[in-house]
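As a plain string of letters, each chain reads:
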Amino acid sequence: MNIFAVLLAAVSSFMLGGLWYSPALFGKMWNDENGGVKPDSHPARVFGVAFIFSLLAAFAFARWIGPAPTMDYAIKHALLAGFGMVAACFGINYQFANRSFKLWLIDGGYHTAQFLVFGLILGLWH
């Protein structure tokens, strides 16, 4: 496993999330769908924990697809992980929590895009 590719994937996930949930893309809609309540957590803690989870996800994905995946293999597995696993599991939770379909599209879309970026990075750099 290329640890530098995994680190880059984690950083890219973190950067994608910053853009995805910013006011420039889906931030306002996401906040509205969550009731408009902003969390009281300290930003350093939120960002630190988010990066650790991004690193864990990138590491697990890299381990799953192996050390030298073809681009086709990496992208197919990225879609399977992002949409078929993460977004689908969010869909189950969101139904029981009575969260909106729009919120599921935003959050599920982010994780699908996140894994696609992982696939691109790991498929290109091995």
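Residues numbered from 1 in each chain as written. Predicted model: local features only at pLDDT ≥ 70, side-chain atom pairs only at ≥ 80, totals over all residues. Heavy atoms only, no water.

### So, unusual backbone geometry
Residue Asn98 is not a glycine yet carries a positive backbone phi of 60°. In this structure, Asn98 sits in the loop between α4 (71–96) and α5 (101–124). Judged by its relative accessible area of 69%, Asn98 is exposed. (Helix = DSSP H or I, 4+ residues; strand = E, 2+ residues; numbered from the N terminus. Buried < 20%, exposed > 50% of the residue type's maximum accessible area, 1.4 Å probe, protein only.)

### Brief notes about helix α1 (residues 3–20)
With 18 residues, α1 should reach 26 Å at 1.5 Å per residue; the first-to-last C-alpha distance of 25 Å fits that figure. Of the positions making up α1, those classed as buried are Ala5, Val6, Ala9, Ala10, Ser12, Ser13, Leu16, Gly17 and Trp20. Looking straight down α1, one finds its buried side chains confined to an arc of 165°; they lie on one side. When the buried face of α1 is taken as reference, the exposed residues oriented beyond 90 degrees from it are Phe4 and Met15. (Expected span 1.5 Å × (residues − 1). Arc of directions from axis to C-beta.)

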